[in-house]
Amino acid sequence: KQLLCLLFLSFYVTSSYSQLSHNFYQHICPNVESIVRSAVTEKFRQTFVTAPATLRLFFHDCFVRGCDASVFLSHAKAEKDHHDDLSLAGDGFDTVIKAKAAVDSNPSCRYKVSCADILALATRDVVALTGGPSYKVELGRRDGRNSTRKSVQHKLPRPDFNLNQLNTMFASHGLSQTDMIALSGTHTLGFSHCGHFSKRIHSKDGIDRTLNRQYALQLKQMCPVNVDPRLVIDMDPTTPHTFDNAYYKNLQQGKGLFSSDQVLFTDARSRPT
């Protein structure tokens, strides 16, 4: 059963929401960060999938309507019903739902913290839990009221994008090529279904030449032509459970799972970064 992040803030939010700040909840729910962190840590202890699922959920939410948790809304033809969102793991949604419940169980915090902020905090927490850096999160987002399947169309990068397509999409959000390369590094966690890269290993023209041949042969064994569509492969073949810089080292060895990953190293414009 999928719970909704209700729009409690409709009755609470003032114009101050136009400005995000690190101490937004200082006088409203001062312990919000520790409450969320505790709930996320408990979920992470139950399943590692919590980390990549939450991270990917945050990206999919932010790139469609901004970071407003509109991907949580359920109704006919909502965002999460678009085919690009159908593969979002349920553990990401569950992480935020449980953290929201933990926050609302505190009387002083009840119905005062947006799901959008909780998702942003939870994402920071899963990065830290997997060995990545912790960082300050600016808060004060409002939960979105609108969520349509149509709004997702052409808003998320595809695994076969070239550098121009990646740069164009990220630039539409005010992000530079360097920003795009940094954000691509989140593929150091997570997994992909075989169908998202099968053309690179099962083409009539042979194996994609930018792909490390030994790695490609391993992928062909794990993802044969008639593979179960539910089978998933780690994005990072070296340290799949650690938020580190192995993703970039993999690209230098031709081990980027998607062509949109490998192009960051094969294209002379992005290779120096």
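Residues numbered from 1 in each chain as written. Predicted model: local features only at pLDDT ≥ 70, side-chain atom pairs only at ≥ 80, totals over all residues. Heavy atoms only, no water.

Rule in force here: UniProt positions are given in the numbering used here, feature names are shortened, and annotations may be inferred rather than shown by experiment.
With an unreviewed UniProt entry as reference, the protein is termed peroxidase, source organism Ambrosia artemisiifolia. In the Function (unreviewed entry) part of its UniProt record, the protein is described as follows: "Removal of H(2)O(2), oxidation of toxic reductants, biosynthesis and degradation of lignin, suberization, auxin catabolism, response to environmental stresses such as wounding, pathogen attack and oxidative stress. These functions might be dependent on each isozyme/isoform in each plant tissue." What UniProt records for the protein under Sequence similarities (unreviewed entry) is the sentence "Belongs to the peroxidase family. Ascorbate peroxidase subfamily."

### Brief notes about the state of the cysteines
Spelled out, the test is: Any two cysteine sulfur atoms lying within 2.5 Å of each other are counted as a disulfide. Comment: elements are numbered from the N terminus, with helices defined as DSSP H or I runs of at least four residues and strands as E runs of at least two. Summary of the burial criterion: residues with accessible area below 20% of their type's maximum are buried, those above 50% are exposed, and those between are partly exposed, where the area comes from a 1.4 Å probe applied to protein chains only.
Scanning all chains against the criterion turns up 3 disulfides. Note that Cys-29 is cross-linked by a disulfide to Cys-109, the S-S spacing being 2.0 Å. Residues Cys-29 and Cys-109 share a disulfide whose torsion about the S-S bond is about 85°; that sign makes it right-handed. Of the two residues, Cys-29 is situated in the segment before α1 (32–46) and Cys-109 in the loop between α3 (90–104) and α4 (115–129); the sequence distance between them amounts to 80 residues. Residue Cys-109 is classed as buried on the basis of its relative accessible area, which comes to 1%. The partner cysteine of Cys-194 in its disulfide is Cys-223, sulfur to sulfur 2.0 Å. Disulfide Cys-194-Cys-223: the torsion about the S-S bond is -60°, which places it as left-handed. Taken together, the residues Cys-194 in the loop between β1 (191–193) and α7 (213–222) and Cys-223 in the loop between α7 and β2 (232–234) connect sequence positions 29 residues apart. Residue Cys-194 shares its accessibility class with Cys-223, and that shared class is buried.

### Section: the nonpolar core
Spelled out, the test is: Nonpolar cores are built from buried Ala, Val, Leu, Ile, Met, Phe, Trp, Tyr and Cys residues. Side-chain atoms within 4.5 Å join them into one set.
Core analysis: the biggest nonpolar cluster contains 39 residues, and Tyr-25, Val-32, Val-36, Phe-72 and Val-103 have the highest contact counts within it. Residue assignment for this core shows that the elements contributing at least two residues are α1, α2 (50–65), α3 and α4. The element best represented in this core is α4, accounting for 9 residues. By size, the runner-up hydrophobic cluster in this structure holds 15 residues, among which are Leu-156, Phe-161, Leu-163 and Ile-181.

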